[in-house]
Amino acid sequence: MLAAPTLRTERLVLRPFTSSDAADLYALHSNAFVLRYWDSPPWTEPARAESFLDGCRQLAEEGTGVRLAVESAGGFLGWCSLTRWNPAHRSAAIGFCYTETAWGHGFATEAAAALVEWAFESLDLHRVQAELDTRNVACARVLEKLGFVREGTLREDCVVNGVVSDSWVYGLLATDQLPGGPQHS
């Protein structure tokens, strides 16, 4: 089992999800504008939030990742995750999703930095990878601020509601220099 940590930054708390997060999750994932670059359509049933929470517990039980709620003094902002953890390869994938009101304030960068730092230090990772829709330039900026390198393009790898899109693959190695800071290892 991979225990989900509680991480604190200057402005944020990243914490394990609880059942009380279901309404906020549904509001986030039912917003078509927020999910316009997502790899699945927006939720239309509130029960999807409970399935998401079950998935968070399953990730932890299987030991393959953690998904953390991100909140500020103003409340729920979204979530950040580390999935596909492979101890043999010392690798994992990062992902995140935030409410529109959280955009443009540096919250995604701050939360992802905390999760990546925890992952490199606690899980002995060598590599963290991210995949994102090529139209999602804001997400690409977040990754690039953290030192991730765009490594390639997966051509036409997603089809959501009949729309075909490409994805970029980004990677960050433990030996990479962090912007304004030391190496991870």
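Residues numbered from 1 in each chain as written. Predicted model: local features only at pLDDT ≥ 70, side-chain atom pairs only at ≥ 80, totals over all residues. Heavy atoms only, no water.

**Notes on the pattern of salt bridges**
Next, step 1: For the structure shown, the criterion picks out 9 salt bridges.
Next, step 2: Between Glu-71 and Arg-15 there is a salt bridge; the shortest N-O distance is 3.2 Å. Residue Glu-71 is found in strand S3 (residues 66-72), and its partner Arg-15 is found in strand S2 (residues 13-16); the two are separated by 56 residues along the sequence.
Next, step 3: We classify Glu-71 as partly exposed; its relative accessible area is 24%.
Next, step 4: A single salt-bridge network, built from bridges that share partners, covers Arg-15, Asp-21 and Glu-71. (Salt bridge = Lys/Arg side-chain N within 4 Å of Asp/Glu carboxyl O. Helix = DSSP H or I, 4+ residues; strand = E, 2+ residues; numbered from the N terminus. Buried < 20%, exposed > 50% of the residue type's maximum accessible area, 1.4 Å probe, protein only.)

**Observations concerning unusual backbone geometry**
Next, step 1: The phi dihedral of Asp-124 falls on the positive side, at around 55 degrees, and the residue is not glycine.
Next, step 2: Note that Asp-124 resides in the loop between helix H3 (107-123) and strand S6 (127-133).
Next, step 3: Residue Asp-124 is classed as partly exposed on the basis of its relative accessible area, which comes to 47%.
Next, step 4: Residues other than glycine seldom take positive phi values, yet Glu-156 does so here, at roughly 45 degrees.
Next, step 5: Counting through the fold element by element, Glu-156 comes out in strand S7 (residues 149-160).

**Some thoughts on the pairing of strand S4 (residues 75-86)**
Next, step 1: Taking burial as the measure, the 12 residues of S4 include 9 buried ones, the bulk of the element.
Next, step 2: Relative to S4, S3 is paired through 7 bridges, and the arrangement is antiparallel. In the sheet register, Val-66 faces S4, and the bridge partner there is Leu-82.
Next, step 3: Between S3 and S4, which follow one another and run antiparallel, lie 2 residues.
Next, step 4: The pairing of S4 with strand S5 (residues 91-98) spans 7 bridges and is classified as antiparallel. Considered in S5, the bridge of Asn-86 is made with Ser-91.
Next, step 5: Here S4 hands over to S5 after 4 residues, with Arg-90 in that stretch at a positive phi of 55 degrees. (Pairing = 2+ DSSP bridges.)

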